[in-house]
Amino acid sequence: MQASQKANEWIDGFLFVANRPILDFLNTKPVLTDGPTELLPDVRALERWLIASGMVTSSKAKAVVRGWRQSPEAAAFLKQLIAFRERLREAVVRIENGSSPANAFLAEVNSLLLQYPRHTSLRKRDRKLIRETLFEPRKPTDLWAPIVNATADLLAETESSRIRQCKSCVVHFFDTSKKGSRRWCSMNICGNKLKVAAYQRRKRG
Ligand SMILES: [Zn+2]
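Residues numbered from 1 in each chain as written. Predicted model: local features only at pLDDT ≥ 70, side-chain atom pairs only at ≥ 80, totals over all residues. Heavy atoms only, no water.

Take the coordination of the zinc ion next. At the metal site, the zinc ion is ligated by C166 (SG), C169 (SG), C185 (SG) and C190 (SG), and these contacts range over 2.2 to 2.3 Å. Viewed at the metal, the four donor atoms of the zinc ion are separated by angles of 103 to 112°, and the geometry they form is tetrahedral. C166 sits in the buried class, given a relative accessible area of 6%. Since its relative accessible area comes to 1%, C190 is described here as buried. (Donors = N, O, S within 2.8 Å, 3.2 Å for Na, K, Ca; no water. Tetrahedral: all angles 85-135°; square planar, octahedral: opposite > 155°, others 65-115°. Buried < 20%, exposed > 50% of the residue type's maximum accessible area, 1.4 Å probe, protein only.)

Listed below in structure tokens is the structure:
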């Protein structure tokens, strides 16, 4: 995967190829040359991911998140978030296999949705009003709001057959291609590797 670091598929050391931030969140444990790699080992890494993913954008929110670096509450939240990520992975794999997520996971998501609703507000742009998500975290657990709402959107995705895992690695993505025929996480990462391997096989054969 290292070869593609120059492409803008990587932002600040994180992979963004999924077309859905919540799937990019799932992809924070890719298999690199040294094996499975946890890209969110600590609160500082989480802070970087939140900014890279565009989940935290305002300078006010960035300052709040920066204040959590030494916070035991934030460390405890991260531990829960990583465990949630792995349960989400299980749900996504089930969807990819044509099944549906386990009821226990749906119950967990529903409970979090109630606890951490998505807030929105109206803003003027030119002469029109747009409704946008308002996210102003105060404490680490407030991060559940964008995470669990994006999770719910993904699970309710009507074109669920476009939720797919790369043919050659652990990365998941949402296929937005016109034909719906995307097979790889990225041409730079797995696509070329496979094409080269097939070419060499043909040459040998
Ligand atoms: Zn791949």
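Each turn of an α-helix holds 3.6 residues, which means side chains three or four residues apart point in the same direction. For helix α6 (residues 144–155), which comprises 12 residues, the first-to-last C-alpha distance of 16 Å matches the rise-based estimate of 16 Å (1.5 Å per residue) to within 8%. Counting buried residues in α6 gives nine out of 12 residues, a clear majority hidden from the surface. (Helix = DSSP H or I, 4+ residues; strand = E, 2+ residues; numbered from the N terminus. Expected span 1.5 Å × (residues − 1).)

Excluding glycine, residues mostly carry a negative phi; peptide bonds, for their part, are mostly trans. Of note in this structure, D12 is not a glycine but carries a positive phi near 50°. Structurally, the position occupied by D12 is in the loop between β1 (10–11) and β2 (14–15). Relative accessible area serves as the criterion here: at 44%, D12 is assigned to the partly exposed category.

Take a probe with the size of a water molecule and roll it over the atoms, and the empty space left behind shows itself. The computed volume of the largest pocket comes to approximately 740 Å³. Lining the largest pocket are 26 residues; nearest its centre among them are T133, L134, F135, E136 and P146. A total of six residues in the lining of the largest pocket trace back to one element, the largest contributor, which is α6. Across the lining of the largest pocket, the residue classes break down as 11 nonpolar, eight polar and seven charged. (1 Å grid on protein atoms, 1.4 Å probe; cavity = no way out; pocket = protein on both sides within 12 Å on 5 of 7 lines; lining within 4 Å. Points joined across faces, edges and corners; volume = space filled by probe spheres on them. Nonpolar A, V, L, I, M, F, W, Y, C, P; charged D, E, K, R; others polar.)

The next subject is the packing of helix α4 (residues 72–96) against helix α5 (residues 103–115). For the pair α4 and α5, interaxial distance at closest approach is 11 Å and the crossing angle is 130°. Regarding the angle of α4 to α5, the classification is oblique. Pair α4 / α5 crosses with left-handed handedness. Across the interface between the two elements, F84, R87, L88 and A91 of α4 pack against F105, E108, V109 and L112 of α5. For the contact of α4 with α5, a count of residues per class yields six nonpolar, no polar and two charged. (Axes fitted to C-alpha atoms, helices over the stretch in contact; angles between N-to-C directions. Parallel < 35°, antiparallel > 145°, perpendicular 65-115°, else oblique. Left-handed = near helix turned anticlockwise from the far one by under 90°. Contact = heavy atoms within 4.5 Å.)

A word on the environment of S177. Positionally, S177 belongs in the loop between β8 (172–174) and α7 (187–204). Spatially, the C-alpha atoms of S177 and K62 are 33 Å apart, while their sequence positions differ by 115 residues. Ignoring anything within four residues of it in the chain, the contact list for S177 reads R162 and R182. At 3.1 Å, the side chain of S177 and the backbone nitrogen of G180 are in polar contact. (Polar contact = N/O pair within 3.5 Å; in protein donor to acceptor, adjacent residues only side chain to side chain.)

Relative to strand β6 (residues 128–134), strand β5 (residues 119–125) runs antiparallel, the two sharing seven bridges. What sits directly across from L122, in β6, is R131. Taken together, β5 and the strand that follows it, β6, pair antiparallel across an intervening segment of two residues, in which D126 is found at a positive phi of about 55°. (Pairing = 2+ DSSP bridges.)

Structurally, E159 can be placed in the loop between α6 and β7 (163–165). With a relative accessible area of 42%, E159 lands in the partly exposed category. Sequence separation between E159 and F25 is 134 residues, and the spatial gap between their C-alpha atoms is 20 Å.

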